[in-house]
Amino acid sequence: MSKNIQIYTVLSILLVGLTFLGIGCIDNENGSDEQITTEERSILIKGSDTVLPLSQAEAEEFMINDPDTSVTVVGGGSGVGIAALIDGEVDIAMASRNMKDSEIENAQNNGIDPVLHIIAWDGIAVVVNPENPISELTFDQVRSIYNGDIKNWKEVGGEDRIITTITRDSSSGTYGYFQDNVLQGDEYRADALVQPATGAIVQEISHNKGAIGYIGFAYLYDSVKGLALNEGEGAVYPETETIISGTYPLSRPLYYYTDGEPTGLAKEYLDFVMSQEGQDIISDVGYFPVV
Amino acid sequence: MLKMRYKENAIETLLFLASAVTVLILFLLCIFLFREGISLFHEVSFIDFITGTAWYPTADPHKFGLLPLLFGSLIVTAGAIIISVPLGIACAVYISELATPRVAEILKPFIEILAGIPSVVYGFFGLVVLVPRLQNFLNLSTGQTALTGSVMLAVMALPTIISISEDAISSIPSYIKEGSLALGATKWQTIYKVLLPAAISGISAAVMLGMGRAIGETMTVMMVTGNSAVIPGFPSGILEPVRTMTATIALEMGEVPQGSEHFHALFAISSVLFIMTFLINLIADFIKKKYRFKEAI
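Predicted model only: the values in this text are computed from it and were never measured.

1. Brief notes about the packing of aromatic side chains
All names here are of chain A.
Argument step 1. Using the criterion set out here, one finds 20 aromatic pairs over all chains in the structure.
Argument step 2. Their ring planes at 70° and their centres at 5.0 Å tell us that Tyr146 and Phe178 sit as a pair that is edge-to-face. Highlighted residues: Tyr146 in helix α5 (residues 139-147) and Phe178 in helix α6 (residues 173-181), separated in sequence by 32 residues. Each member of the pair, Tyr146 as well as Phe178, carries the same accessibility label: buried.

2. Points about the packing of helix α2 (residues 52-65) of chain A against helix α10 (residues 276-285) of chain A
Residue and element names in this part refer to chain A.
Argument step 1. One can describe the packing of α2 onto α10 by two numbers: an axis separation of 9 Å at closest approach and a directional angle of 140°. Judged by the inter-axis angle, α2 sits oblique to α10. Note that α2 runs across α10; the crossing there is right-handed. Judged by residue contacts, Pro53, Leu54, Ala57, Glu58, Glu61 and Asn65 of α2 engage Glu277, Gly278, Ile281, Ile282 and Val285 from α10.
Argument step 2. By residue class, the composition of the contact of α2 with α10 is six nonpolar, two polar and three charged.

3. Regarding the interface of chain A and chain B
Argument step 1. Taken residue by residue, the interface counts 33 residues in chain A and 31 residues in chain B.
Argument step 2. Roughly 2700 Å² of surface becomes buried between chain A and chain B when both sides are summed, with 57% attributable to carbon and sulfur atoms.
Argument step 3. Our count for the contact surface shared by chain A and chain B stands at zero salt bridges.
Argument step 4. Along the contact surface separating chain A from chain B lie eleven residue pairs in polar contact (both at pLDDT 80 or more).
Argument step 5. Mapped by element, the contributors of at least two residues to the side of chain A that touches chain B are α1 (2-38), α3 (78-86), β7 (193-195) and α7 (198-207) of chain A.
Argument step 6. Ranked by the residues each element gives to the side of chain A that touches chain B, the list is headed by α1 of chain A, at seven residues.

4. Here's the deal with the domain arrangement of chain B
Residue and element names in this part refer to chain B.
Argument step 1. For chain B, the assigned domains are domain 1 (2-42) and domain 2 (46-296).
Argument step 2. Taking only C-alpha atoms into account, the centre of domain 1 sits 29 Å from that of domain 2.
Argument step 3. Tallying the contact residues gives eleven residues for domain 1 and 13 residues for domain 2.
Argument step 4. Carbon and sulfur atoms supply 86% of the area buried between domain 1 and domain 2, which totals about 1000 Å² over both sides.
Argument step 5. The three residues of domain 1 that bury the most area against domain 2 are Leu33, Leu40 and Phe41, which together make up 51% of that side's buried surface.
Argument step 6. For the interface between domain 1 and domain 2, the tally reads zero salt bridges.
Argument step 7. There are two residue pairs in polar contact (both at pLDDT 80 or more) connecting domain 1 and domain 2.

5. Section: unusual backbone geometry
Argument step 1. The phi dihedral of Gln184 of chain A falls on the positive side, at around 50°, and the residue is not glycine.
Argument step 2. Here Gln184 of chain A is to be found in the loop between α6 and β7.
Argument step 3. Despite not being glycine, Asn227 of chain B has its phi angle at roughly 60°, a positive value.
Argument step 4. Within the secondary structure layout, Asn227 of chain B lies in the loop between α10 (219-224) and α11 (245-252).
Argument step 5. On the accessibility criterion, Asn227 of chain B (0% relative accessible area) is buried.

6. Some words on the pattern of salt bridges
All names here are of chain A.
Argument step 1. Summed over all chains, the structure comprises 15 salt bridges over all chains.
Argument step 2. A salt bridge links Arg168 to Asp49, with the nearest nitrogen and oxygen atoms 3.5 Å apart. Of the two residues, Arg168 sits in strand β6 (residues 164-168) while Asp49 sits in the loop between β1 (42-47) and α2, which places them 119 residues apart along the sequence.
Argument step 3. The salt bridge partner of Glu131 is Lys209, with a shortest N-O separation of 3.6 Å. In this pair, Glu131 sits in the loop between β4 (114-128) and β5 (136-138) while Lys209 sits in the loop between α7 and β8 (211-216), placing the two residues 78 residues apart along the sequence.
Argument step 4. For Glu131, a relative accessible area of 57% corresponds to the exposed category.

7. So, the nonpolar core
Argument step 1. Within the largest apolar cluster, 31 residues are counted, with the highest numbers of intra-cluster contacts made by Leu40, Phe49, Trp55, Phe64, Leu66, Met245 and Ile269 of chain B.
Argument step 2. Among the secondary structure elements, those contributing two or more residues to this core are α1 (2-38), α3 (67-98), α9 (200-216), α11 and α12 (261-296) of chain B.
Argument step 3. For this core, the element with the most residues is α12 of chain B, which contributes 13 residues.
Argument step 4. Residues lining this core come from more than one domain, with at least three contributed by each of domain 1 (2-42) and domain 2 (46-296) of chain B.
Argument step 5. Counting 29 residues, the second-largest nonpolar core is a separate cluster that includes Tyr146, Trp153, Phe217 and Tyr248 of chain A.

8. Focus on the side chain of Ser84 of chain B
Residues and elements named next belong to chain B.
Argument step 1. Position of Ser84 relative to the elements: it lies in helix α3.
Argument step 2. Overall, the relative accessible area of 0% leaves Ser84 in the buried class.
Argument step 3. A distance of 2.8 Å separates a polar atom in the side chain of Ser84 from the backbone oxygen of Ala80.

9. A few points about the domain arrangement of chain A
All names here are of chain A.
Argument step 1. In terms of domain boundaries, chain A breaks down into domain 1 (41-121 + 253-285) and domain 2 (122-251).
Argument step 2. Computed from C-alpha coordinates alone, the two centres of domain 1 and domain 2 are separated by 27 Å.
Argument step 3. In this assembly, 13 residues from domain 1 lie in contact with nine residues from domain 2.
Argument step 4. Of the roughly 850 Å² buried between domain 1 and domain 2 on both sides combined, carbon and sulfur atoms contribute 51%.
Argument step 5. For the domain 1 face of the interface with domain 2, the top three residues by lost area are Asp49, Thr50 and Trp121, together amounting to 47%.
Argument step 6. Our enumeration of links across domain 1 and domain 2 arrives at one salt bridge.
Argument step 7. At the junction of domain 1 with domain 2, the criterion picks out two residue pairs in polar contact (both at pLDDT 80 or more).

10. Remarks on the side chain of Arg189 of chain A
All names here are of chain A.
Argument step 1. Within the secondary structure, Arg189 sits in the loop between α6 and β7.
Argument step 2. Since its relative accessible area comes to 9%, Arg189 is described here as buried.
Argument step 3. Within the structure, Arg189 has its side chain in polar contact with the backbone oxygen of Ile145 (distance 3.4 Å).

11. A word on the packing of helix α7 (residues 174-182) of chain B against helix α8 (residues 187-198) of chain B
All names here are of chain B.
Argument step 1. It is the contact of α7 with α8, at a shortest axis distance of 10 Å, that shows an interaxial angle of 130°. Judged by the inter-axis angle, α7 sits oblique to α8. With respect to the hand of their crossing, α7 and α8 are arranged in right-handed fashion. Where α7 abuts α8, its residues Ile176, Lys177, Ser180 and Leu181 lie against Lys187, Thr190, Val194 and Leu195.
Argument step 2. Tallied by class, residues from the contact of α7 with α8 come to four nonpolar, two polar and two charged.

Reading guide: rules and limits
- Residues numbered from 1 in each chain as written.
- Chains lettered and ligands numbered in written order.
- Predicted model: local features only at pLDDT ≥ 70, side-chain atom pairs only at ≥ 80, totals over all residues.
- Heavy atoms only, no water.
- Phe/Tyr/Trp six-rings, centres within 6.5 Å; stacked < 30°, edge-to-face > 60°.
- Helix = DSSP H or I, 4+ residues; strand = E, 2+ residues; numbered from the N terminus.
- Buried < 20%, exposed > 50% of the residue type's maximum accessible area, 1.4 Å probe, protein only.
- Axes fitted to C-alpha atoms, helices over the stretch in contact; angles between N-to-C directions.
- Parallel < 35°, antiparallel > 145°, perpendicular 65-115°, else oblique.
- Left-handed = near helix turned anticlockwise from the far one by under 90°.
- Contact = heavy atoms within 4.5 Å.
- Nonpolar A, V, L, I, M, F, W, Y, C, P; charged D, E, K, R; others polar.
- Buried area = accessible area lost by both parts, 1.4 Å probe.
- Salt bridge = Lys/Arg side-chain N within 4 Å of Asp/Glu carboxyl O.
- Polar contact = N/O pair within 3.5 Å; in protein donor to acceptor, adjacent residues only side chain to side chain.
- Domains from an automatic or database assignment.
- Core = buried A, V, L, I, M, F, W, Y, C linked by side-chain atoms within 4.5 Å.

Have a look at this one:
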């Protein structure tokens, strides 16, 4: 009797094993089929939330022009996109900062050769609530506000109100860019609010009279006020002309990273982005063309 | 006849294997979590991690101090429990003792719906509705505070607390209640002096499970608590931004290079979180068992 039970136990384990084996085989066949038929026609783009609205607009237009293709665009932050490129998961990584040395090293260890393409320019606006009387700050003042030396608006000539500083989380390329260029390597004050998305920063500032934050120029709507920045040569407002001419101090390039020189659909897509039509889209979205 | 027997056994074995998979998954999860977490202590001393007061994961040199995040989680959870427990118990008492069957039938599905709302919806509601109002009402520098998180978590923990407390109160043998009423006690006296003490272990289990729900919640908390990694003061910290352990993992996992110290630090936090929720569930289970034993007598 007990021997029979044993036999049945062994048989059922075998059955389960075979089932999984079967599932595995079916999956594999499907997978390889898909790769052959769709590799030419679909690409995956991932990374910076700053570049995201731009890539989405470009991808939509690109797919309208050529309906057989599929361009998938995913956000998450520059770090996420670069990590995915290093792991070979994506065709193009969007980034609003340069790859770090450690990331390039990791990529090379994985057999990935990251190639940089500048696709557009962006300005970072330092923004406050529209009811805040302050309309310009010097670079040093912004730095002091963000590293915690200045805690009240009256110290920079405003109302007697506590300053609520807002930053992005560390996955954001803008976070790193702002730390390098404005804080000049200082740490963000520990009690700064950390928001998981640029939209959340705009939301908080639009109803908080004491808040200050930094956002990509494309997100600058009427619900927040962009400050003029003074790097020592007079205050400059974040505007299209000042960013293109480079007089606005916080203008930066936006990047696509590919593994080696792009081929196939990735190349077609990149050529489209760099074409006159593609660069016009960049202006429509609120960024600045490179050509 | 004998054939039937074999069939029974085969089915039994299959079902056993299916349930064994859960144990296996938990086991593998533990191994992976702890292995990655412990790797941190090759580079950073365990004491520095547990007693560190600063969390600067991307600075040079790194500072991986658990305390701001641990206290952030604790203060938000404590606030949630303080708000949700009285409300939850009151609701459970009403449903099981005072409400007419019809009202109870209407209330219960609503409470269940509350449990089914995705956490990101709670978070969005908190960010857009509660945050600005709390800021204006209390005249704060920002509405993204520990209190905001506590209020949202309290709402989210309510269904757990209500349904388990209600079960505990309903399962008290009716002769206990009838005995109290027969002795001339009023309804309120019966509830307060007889039913609640009799159901106390079930209610405690409900509170523990609600706490487990609150401490592990991520999305809602990340959206409304401001995420400043500072050790909250007490009691002033309730009205200041805090960052919880869960929000830290969610915020930073995107950027972190695999295998780096920061990566291991996030796993170390996950391990701490896992141990805490595990203990809470264990305590809840223990209390529940005790209460079943009481009922049997």
